[in-house]
Amino acid sequence: GSSPFAATSRAGANATGNSEGFVKILADKSTDKILGVHIMGPNAGEMIAEGVLGMEYGASAEDVARTCHAHPTLSEAFKEACMDAYDKPIHF
């Protein structure tokens, strides 16, 4: 699943006005286990830890999507990409 940063309210509120970027979650089709994460854009280095933690502990995309993600933050794109991975996106 994937989600553009532009789908979050934080992207438009950034001081730079830069809303380019996205989060992409690669998950096993049958188990939903997170296999990999791609993050392109501002603050990607700060967001990748969530994907690494999920992979290390065998989390599914749904597990991560059901956790609280602060609003408004770019990490909401991570949650939305996880929701998209199991077919439940709500913001795009």
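Data block above holds the structure.
Figured I'd write up the structure that's included with this text. (Residues numbered from 1 in each chain as written. Predicted model: local features only at pLDDT ≥ 70, side-chain atom pairs only at ≥ 80, totals over all residues. Heavy atoms only, no water.)

Looking now at the pairing of strand E3 (residues 34-40). Look at any regular strand and the pattern is simple: side chains alternate between the two faces of the sheet. By the bridge criterion, six bridges tie strand E2 (residues 22-27) to E3 in an arrangement that is antiparallel. Residue pairing across strands places Leu 26 opposite Gly 36, the latter belonging to E3. Following E2, the chain reverses through six residues before pairing antiparallel with E3; Asp 32 in that reversal takes a positive phi of roughly 70°. (Pairing = 2+ DSSP bridges. Helix = DSSP H or I, 4+ residues; strand = E, 2+ residues; numbered from the N terminus.)

Once that is clear, we can look at the nonpolar core. Counting 18 residues, the largest nonpolar core has Phe 5, Val 23, Ile 25, Ile 39, Met 47, Phe 78 and Cys 82 as the members making the most contacts within it. If you list the elements that add at least two residues to this core, you get E2, E3, helix H2 (44-56), helix H3 (61-65) and helix H4 (75-85). When residues in this core are grouped by element, the largest group, five residues, is from H4. Discounting chain neighbours no more than four positions away, the residues touching Ile 39 are Phe 5, Phe 22, Val 23, Ala 44, Met 47, Ile 48 and Phe 78. (Core = buried A, V, L, I, M, F, W, Y, C linked by side-chain atoms within 4.5 Å. Buried < 20%, exposed > 50% of the residue type's maximum accessible area, 1.4 Å probe, protein only. Contact = heavy atoms within 4.5 Å.)

Looking now at the pattern of salt bridges. Summed over all chains, the structure comprises one salt bridge. Residue Arg 66 is joined to Glu 62 by a salt bridge in which the shortest nitrogen-to-oxygen separation is 2.8 Å. On the basis of relative accessible area, Glu 62 is assigned to the partly exposed category, the value being 27%. (Salt bridge = Lys/Arg side-chain N within 4 Å of Asp/Glu carboxyl O.)

All we've got here are geometric facts, nothing functional implied.
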